[in-house]
Amino acid sequence: MWSGRSSFTSLVVGVFVVYVVHTCWVMYGIVYTRPCASDGNCIQPYLARKPKLQLSVYTTTRSNLGAENNVDLVLNVEDFDVESKFERTVNVSVPKKTRNNGTLYAYIFLHHAGVLPWHDGKQVHLVSPLTTYMVPKPEEVNLLTGESSMQIEAEKKPPSALEEPVSHWRPRLALNVMVDDFVFDGASLPADVRRYMKMVQLGKAVHYLPILFIDQLSSRVKDLMVINRSTTELPLTVSYDRISLGRLRFWIHMQDAVFSLQQFGFSEKDADEVKGIFVDTNLYFLALTFFVAAFHLLFDFLAFKNDISFWKKKKSMMGMSTKAVLWRGFSTVVIFLFLLDEQTSLLVLVPAGIGAAIELWKVKKALKMTIVWRGLRPHFQFGTYSESERRTEEYDTQAMKYLSYLLYPLCIGGAVYSLLNIKYKSWYSWLINSFVNGVYAFGFLFMLPQLFVNYKMKSVAHLPWKAFTYKAFNTFIDDVFAFIITMPTSHRLACFRDDVVFLVYLYQRWLYPVDKSRVNEFGESYEEQPQRKPHAH
């Protein structure tokens, strides 16, 4: 019969497998569309007739365009070939209304060549805002010299104005046309493509006009430009590329997902983090990333579950490095504050906050701390240590003494270097960034005291090996993606140092095999465990 814990773990793994299979089925339904099998209810592609097309891009301050008045033609591509991609940069005049924190729209028309779009009954068009509202990024200054490239302009504005959203320019407009000669089944027309289709009756057959699509995922926060009152022209890069039906449907679903995040209260920057996952990654590699991320999530859960279970039952700190636990608690809090200061996406911030709370709970367990409330004032009480725990503490202190000779000069030197050469928004930002750089660069040093304690005690039975194993799997996964995907060098080194330390742990486990005379994972030896009474016959 299964125990409660194993049954719960098996249930979670089963749900995970069902989720992965269901996601694969949904993705297959998105990228694969069933073609029309009969001639009675088929919708033919208008592009198969090889019409002569023209692409026109207009700008206006109106969201609804009824006529050709009050519009500016910014790009006109005659003899437009849907098979040939291009990229052109044009200068767009910025109206006074837009300069006064207004909005500017782009109207993209695909119509027959030589005919104005307003006079073409078979034209297709889409509208896209060229501006968005965001709070301007705080200006970064050197904390010692006070140098800032926009210091004078910032001083002219009241403090409240610097925190209000202002109009930003989107300098890129990415266009796509679905070029597959695909014959749709009118009885099972996909809803995602249907809203982008415009159909006409030509003789006895129904045709769908070219499907025009605007890639909103290519518009990134890092490319946005603040629109000042003195700005009269701004550059706009118009790019075009063909797109297949499967990729079109996938891109529509991804844009809808990003839009849903914004509807639920996620900011523009939060949505931009999600955009980066799709835009900066190959489609096939993105599918691989999903599977790896799913297993990463599963291992995270199992590591979390076993770690909590281990520390919940732990009564003794014998063989455990208290200073290593303190360091993990400090480092996770610093990383959480860093992500909070950088206004990182909630998708990353929330798990980091939960992890920091768990590490602080482990610090409380390691210090044997209890909190007694006397009115509104908390009082902290600490438990006593046994003789074996005090001996472990001596080994831990000895290891930290050796590490301090290397650690303190490195941290002080790194902080001084960042203060002299790097610009930050405030002293708080500099302090958090210095701590984070120290965590990434020298954090592996704080893993060494536990190795030293293991060496002195000639035992590794006191470590949570199940949680270690799951964390190791995730570390190896992080290694692969840290070198495939562009990541900071400090993050790559952090992944590599975790591998090295875990390999040393494995070597120590082989070197110090567990027997009945050594402590188990709950800090108990075989002799200390209560002996069961024999059953009476």
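Residues numbered from 1 in each chain as written. Predicted model: local features only at pLDDT ≥ 70, side-chain atom pairs only at ≥ 80, totals over all residues. Heavy atoms only, no water.

Undergrad: I would appreciate a short explanation of the side chain of Asp120 in the present structure.
TA: By the secondary structure assignment, Asp120 is in the loop between strand S5 (105-112) and strand S6 (124-129). One buried charged residue, Asp120, forms no salt bridge at all, with the nearest opposite charge on Lys122 at 6.2 Å. A distance of 2.8 Å separates a polar atom in the side chain of Asp120 from the backbone nitrogen of His112. There is a polar contact of 3.0 Å between the side chain of Asp120 and the backbone nitrogen of Lys122. (Helix = DSSP H or I, 4+ residues; strand = E, 2+ residues; numbered from the N terminus. Buried < 20%, exposed > 50% of the residue type's maximum accessible area, 1.4 Å probe, protein only. Lys, Arg positive; Asp, Glu negative; His and termini not counted. Salt bridge = Lys/Arg side-chain N within 4 Å of Asp/Glu carboxyl O. Polar contact = N/O pair within 3.5 Å; in protein donor to acceptor, adjacent residues only side chain to side chain.)

Undergrad: Sorry if this is basic, but what is going on with the sheet that holds strand S11 (residues 199-202) here?
TA: Sheet strands pair by backbone hydrogen bonding; their relative direction is either parallel or antiparallel. Here we have four strands laid out as an open sheet, ordered S10-S1-S12-S11, and mixed in their pairing. A single partner strand is all that each edge strand has here, and the edge strands are strand S10 (184-185) and S11. The pairing of strand S1 (residues 42-45) with strand S12 (residues 205-208) spans three bridges and is classified as parallel. When the bridges of S12 are listed, Ile43 appears paired with Val206. (Pairing = 2+ DSSP bridges.)

Undergrad: Sorry if this is basic, but what is going on with the side chain of Arg170 here?
TA: By secondary structure assignment, the location of Arg170 is in the loop between strand S8 (166-169) and strand S9 (172-178). A polar contact is formed between the side chain of Arg170 and the side chain of Ser219, at a distance of 2.8 Å. Leave out the neighbours within four places in its chain, and Arg170 touches Pro129, Leu130, Thr131, Thr132, Ser219, Leu224, Leu236 and Glu268. (Contact = heavy atoms within 4.5 Å.)

Undergrad: Help me out: how do you make sense of the state of the cysteines in this one?
TA: Defined simply, a disulfide is a covalent bond joining two cysteines at their sulfur atoms. On inspection of all chains with the given rule, the structure shows one disulfide. Disulfide pairing is shown between Cys36 and Cys42; the S-S distance is 1.9 Å. Sign of the S-S torsion, about -80° for the bond between Cys36 and Cys42, identifies this disulfide as left-handed. Here the two residues Cys36 and Cys42 agree in accessibility, since each one is buried. (Disulfide = S-S within 2.5 Å.)

Undergrad: How do you make sense of the pattern of salt bridges when you look at a structure like this?
TA: Counted under the stated rule, the structure contains nine salt bridges. Residue Glu359 is joined to Arg328 by a salt bridge in which the shortest nitrogen-to-oxygen separation is 3.9 Å. Residue Glu359 is found in helix H9 (residues 346-366), and its partner Arg328 is found in helix H8 (residues 322-341); the two are separated by 31 residues along the sequence. Under the relative-accessibility criterion, Glu359 is labelled buried at 11%. Given the relative accessible area of 32%, Arg328 is considered partly exposed. Because the salt bridges share partners, they merge into one network encompassing Arg328, Glu359 and Lys362.

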